[in-house]
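Below are the chains, spelled out letter by letter.
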Amino acid sequence: MSNSLLVQHHRGVATLTLDRPELHNAFDAGLIGTLTRALQQAGADPSVRAVLLAGSGASFSAGADLQWMRAMASASQEENRIDSLALARLMRTLDELPKPTIARVHGAAFGGGVGLVACCDIAIAAEGARFGLTESRLGLLPAVISPYVIAAIGPRQARRWFATGEHFDAATAHEIGLVHQLVPAAALDDAVHAQLELLRKAGPVASASAKVLVREVCATGGDRDALDRANAALIAALRASDEGREGLSAFLEKRAPHWARKD
């Protein structure tokens, strides 16, 4: 799509690879726009079952490009607001993408790079990966990415890491819930592929709807009756759908459903 993002399609997986290795895949306004559009296209493509987000070279993403940040430091408050809204649009697009998403994390994941990890449904990291919400070192805060990071690691952890800006290792990222799985670097691709195979076995609509279910349960605000009605409506719709009927028939007939058959 551009010289800063590689887009590949294989067996229903759209792999979006940040491709600025010389800058550790730090992003600027151009990459933010390019990645947002690529995600929107993948989300609208019926042939895409899942989206894999990765980085080329030594890192996943080191966050914001320093040259871009230098330029924004001399821009007006309104220009900075518009610029920040573009980043917010990227994060929300990734978080709400109507396809399952996986982050393949290696090397550095700092600042907005942590935001990308937090927005993905599944995050798998190499043991040597390093993380940091380093904005406070610059007199800033990770405001735009905060809803997604807090949802991933919880308010108590966020208060520490937002305030100190300190780096933390992959084991800590796993412990606090930022990543789901930690593997040796040599096993990273195998672990990612294993998750993709699990997604291929799941019903496409069901796996894509999982994040919607979680979001709505968390947003109900204690109205248990409303939650019961919403969940009953959801499962009724899934049971009556072509996918639900195929899944149940396949189970009863002891065969693989059509979406899980290998090419």
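Please read these numbers as outputs of a predicted model, since none were measured by experiment. (Residues numbered from 1 in each chain as written. Predicted model: local features only at pLDDT ≥ 70, side-chain atom pairs only at ≥ 80, totals over all residues. Heavy atoms only, no water.)

A. The sheet that holds strand β5 (residues 108-110), seen in detail. Pairing is mixed across the open sheet formed by three strands, whose spatial order is β5-β7-β8. Of all strands in the sheet, those with a lone pairing partner are β5 and β8 (167-169), marking the two edges. The mean inter-strand angle of the sheet, taken between neighbouring strand axes irrespective of direction, is 20°. Bridge count between strand β7 (residues 130-132) and β8: three bridges; the pairing is antiparallel. Within β8, the position partnered with Gly132 by the bridge is His167. Against the sheet, helix α4 (residues 112-119) makes contact with β5 and β7, and its axis sits at roughly 95° relative to β5, the strand it touches most. (Pairing = 2+ DSSP bridges. Helix = DSSP H or I, 4+ residues; strand = E, 2+ residues; numbered from the N terminus. Axes fitted to C-alpha atoms, helices over the stretch in contact; angles between N-to-C directions. Contact = heavy atoms within 4.5 Å.)

B. Quick peek at the packing of aromatic side chains. Counting across every chain of the model gives three aromatic pairs. Relative to Phe168, the ring of Phe131 has its centre 5.7 Å away and its plane inclined at 15°; by these criteria the two rings are stacked. In this pair, Phe131 is assigned in strand β7 and Phe168 in strand β8, connecting sequence segments 37 residues apart. Neither Phe131 nor Phe168 differs from the other in exposure class; each is buried. One aromatic cluster is present, formed by Phe131, Trp161 and Phe168 through successive ring pairs. (Phe/Tyr/Trp six-rings, centres within 6.5 Å; stacked < 30°, edge-to-face > 60°. Buried < 20%, exposed > 50% of the residue type's maximum accessible area, 1.4 Å probe, protein only.)

C. Spotlight on empty space enclosed by the protein. Taken as a whole and judged by the stated rule, the model has one cavity of 30 Å³ or more. Size it by volume and the largest cavity reaches roughly 50 Å³. If you go around the largest cavity, the residues you meet are Val13, Arg49, Ala50, Pro100, Leu196, Leu199, Arg200 and Ser207. With three residues, the top contributor of residues to the lining of the largest cavity is helix α8 (residues 188-201). (1 Å grid on protein atoms, 1.4 Å probe; cavity = no way out; pocket = protein on both sides within 12 Å on 5 of 7 lines; lining within 4 Å. Points joined across faces, edges and corners; volume = space filled by probe spheres on them.)

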